[in-house]
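Listed here are the chains, written in short residue letters.
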Amino acid sequence: MASTVAATLLRRGGRQFFLSGFRVTHHLAPPTIRAAQPTGRKSYHSSGALLSSSSGVTNGKFMSYAMLYHDSVAFLLSNQLGIPVFMANESKTPTDVANEFNLSVRAASALLVTLCRMDVVEIAKDSDYSVDDIVYRLTPSAKKFLADRNELACVSPFVDTFTTNFISPDALLESSLPADEKKDIMSEHLEQDDETVANNARHFMAHMNAQSYCCAKALPQALDLESVNKPKTLLDVGGGSAIYTIEAIQSNPNMKGIVFELPAIKPITQEYIDKAKLTDRVSVSTGDFFKDPLPDSVDYVLFSNIFHDWPDEINMNLIQKAYDSLNPGGKIVVSELLLADDVVSSTPAATSMNVIMLPYTKGRQYRPKELFCRLEKVGFTDPEVINLVDDYDLVIGTKP
């Protein structure tokens, strides 16, 4: 089984998703360039060039771009095989991993070396003789986010999506045809019958929960919801499992929430709300945000990972609907992986997600200043961007 999975993934080719190897500053600030310091020996800890030239310019970064997608393949394969789960409770050697998953020791060692650089595993006991003899253990963060698929915090369902929907260069080219020559996957899903939509939604919600867990945890502090001293309502548009709404409402007894979802999705969303024991403070309003107005008299309208799915004209319509639903002084909140205003400072996560959108949607990632223009065009004032967590940001505008 394990060897079959490995062979299948390797045949599919590679895709660079999150480039853990790049050490970048936050994309809203200018990039920091640190001069190399002479140490008497060569350091191999960065992805920069190892060649030297009189001009100081080498081809190393371009070579890295070509090769780093293999790191993503290794990470996806390790998750698919269940290596983090296997290592959850005790340290393992490459031989242990090889025996468990029917791999060669050389392959298991290569995977563990890559996972070590990615901070999935760390060295419990080193070996001066060979990396094949190193004893590894999971890092604390990997234990939390990769080792237990039953935990809400586990990111593995999100990772699974990229294992089963791997994009080769040929597939990317096919998905890059003009928009009128292809139908994106998101639009196809919306044309399915209610039962199929609901069945697919459970899988998709697991994917989105894994992607959104840390963002949802960070939302109350980012919006300063703890300081709200009078009743206010947050509307979560296309909120699915209500993960953002639940975290927001739990942060302050003055907060109430509404999740706006398709009728076929409501029972699933309600399950999450019931489990959180928030049925008295969170409700589900049904409708189609393409066609129907949003619930009115709310104080926050949240669009999380919504805008990157749709073309600009639809997003402008959503911004207008948000404006219409808000009380004066209310705020639109857009949560996305944003490209940098100067483009060049964009994070690998943002640029990768921008490419990932090609086969799945008709949307793209925005820059902060682009969203500012759109919010102001509708009538929002004082647009700002604040970091939510990691590479995710919030763009916020206020209704006068």
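Below, the structure is looked at part by part. (Residues numbered from 1 in each chain as written. Predicted model: local features only at pLDDT ≥ 70, side-chain atom pairs only at ≥ 80, totals over all residues. Heavy atoms only, no water.)

### Some words on unusual backbone geometry
Comment: phi is negative for the bulk of residues other than glycine, and the bulk of peptide bonds are trans.
Part 1 of the argument: Located in the positive-phi region is asparagine 102, a residue other than glycine, with phi close to 55°.
Part 2 of the argument: When you line up the elements, asparagine 102 lands in the loop between helix H5 (94–101) and helix H6 (105–117).
Part 3 of the argument: Judged by its relative accessible area of 56%, asparagine 102 is exposed.
Part 4 of the argument: If you check the backbone angles, aspartate 390 has positive phi at about 50° while not being a glycine.
Part 5 of the argument: Since its relative accessible area comes to 58%, aspartate 390 is described here as exposed. (Helix = DSSP H or I, 4+ residues; strand = E, 2+ residues; numbered from the N terminus. Buried < 20%, exposed > 50% of the residue type's maximum accessible area, 1.4 Å probe, protein only.)

### What to know about helix H14 (residues 312–325)
Part 1 of the argument: Between the first and last C-alpha of H14 there are 20 Å, a value that for 14 residues agrees with the 20 Å anticipated at 1.5 Å per step.
Part 2 of the argument: When H14 is considered as a whole, its buried residues turn out to be Asn315, Met316, Leu318, Ile319, Lys321, Ala322, Tyr323 and Ser325.
Part 3 of the argument: Where H14 is buried, its residues contact strand S3 (232–237), strand S6 (298–304), strand S7 (326–337) and helix H16 (368–378). (Expected span 1.5 Å × (residues − 1). Contact = heavy atoms within 4.5 Å.)

### Describing the packing of helix H3 (residues 69–81) against H6
Part 1 of the argument: At a closest axis distance of 10 Å, the pairing of H3 and H6 adopts a crossing angle of 105°. Of the possible angle classes, the one that applies to H3 and H6 is roughly perpendicular. Together, Asp71, Ala74, Phe75, Leu77 and Ser78 of H3 and Leu111, Thr114, Leu115 and Arg117 of H6 make up the contact between the two elements.
Part 2 of the argument: The residue makeup of the contact of H3 with H6, split by class, is 5 nonpolar, 2 polar and 2 charged. (Axes fitted to C-alpha atoms, helices over the stretch in contact; angles between N-to-C directions. Parallel < 35°, antiparallel > 145°, perpendicular 65-115°, else oblique. Nonpolar A, V, L, I, M, F, W, Y, C, P; charged D, E, K, R; others polar.)

### Remarks on the environment of alanine 74
Part 1 of the argument: Along the chain, alanine 74 turns up in helix H3.
Part 2 of the argument: For alanine 74, a relative accessible area of 11% corresponds to the buried category.
Part 3 of the argument: Between the C-alpha atom of alanine 74 and that of leucine 111, which follows or precedes it by 37 residues, the distance is 6.0 Å.
Part 4 of the argument: Once residues within four sequence positions are removed from consideration, alanine 74 is found in contact with Leu111 and Thr114.

### A look at the packing of aromatic side chains
Part 1 of the argument: For the coordinates displayed, the defined rule picks out 8 aromatic pairs.
Part 2 of the argument: On the basis of an interplanar angle of 70° and a centroid distance of 6.3 Å, the ring pair of phenylalanine 145 and tyrosine 213 is categorised as edge-to-face. Note that phenylalanine 145 is positioned in helix H7 (residues 140–145) and tyrosine 213 in helix H11 (residues 194–222), a separation of 68 residues in sequence.
Part 3 of the argument: Assessed through its relative accessible area of 15%, tyrosine 213 is described here as buried.
Part 4 of the argument: Members of the aromatic cluster, connected to one another through ring pairs, are Phe289, Phe290 and Trp310.
Part 5 of the argument: Stacked on the ring of tyrosine 366, the Lys or Arg arginine 364 has its end atom at 4.6 Å from the ring centre. (Phe/Tyr/Trp six-rings, centres within 6.5 Å; stacked < 30°, edge-to-face > 60°. Lys NZ or Arg CZ within 6 Å of the ring centre and 35° of its normal.)

### Considering the side chain of aspartate 309
Part 1 of the argument: Topologically, aspartate 309 is positioned in the loop between S6 and H14.
Part 2 of the argument: For the buried aspartate 309, which has no salt bridge, the nearest side chain bearing the opposite charge is lysine 362, at an N-O separation of 12 Å.
Part 3 of the argument: A distance of 3.4 Å separates polar atoms of two side chains, one belonging to aspartate 309 and the other to histidine 308. (Lys, Arg positive; Asp, Glu negative; His and termini not counted. Salt bridge = Lys/Arg side-chain N within 4 Å of Asp/Glu carboxyl O. Polar contact = N/O pair within 3.5 Å; in protein donor to acceptor, adjacent residues only side chain to side chain.)

### Focus on the sheet that holds S3
Strands pair in a sheet through their backbones, by hydrogen bonds, and they do so in one of two ways: parallel or antiparallel.
Part 1 of the argument: If you trace the 7 strands from one edge of the open sheet to the other, you get S5-S4-S3-S6-S7-S9-S8, paired in mixed fashion. The open sheet terminates on both sides in strands that have one partner only, identified here as strand S5 (282–286) and strand S8 (381–389). Averaged over all adjacent pairs, the angle separating strand axes in this sheet is 20°, with direction ignored.
Part 2 of the argument: In this sheet, strand S9 (residues 392–398) lies alongside S8 in antiparallel orientation, the contact comprising 6 bridges. Paired with glutamate 384 across the strands is isoleucine 396, a residue of S9. (Pairing = 2+ DSSP bridges.)

### Side note on the environment of glycine 329
Part 1 of the argument: The residue glycine 329 is located in strand S7 in this model.
Part 2 of the argument: Beyond its immediate chain neighbours, meaning those up to four positions away, glycine 329 contacts Thr398, Lys399 and Pro400.

### Digging into the environment of aspartate 312
Part 1 of the argument: The topology assignment puts aspartate 312 in helix H14.
Part 2 of the argument: In this structure, aspartate 312 is in contact with Tyr366 and Arg374, ignoring residues within four places of it in sequence.

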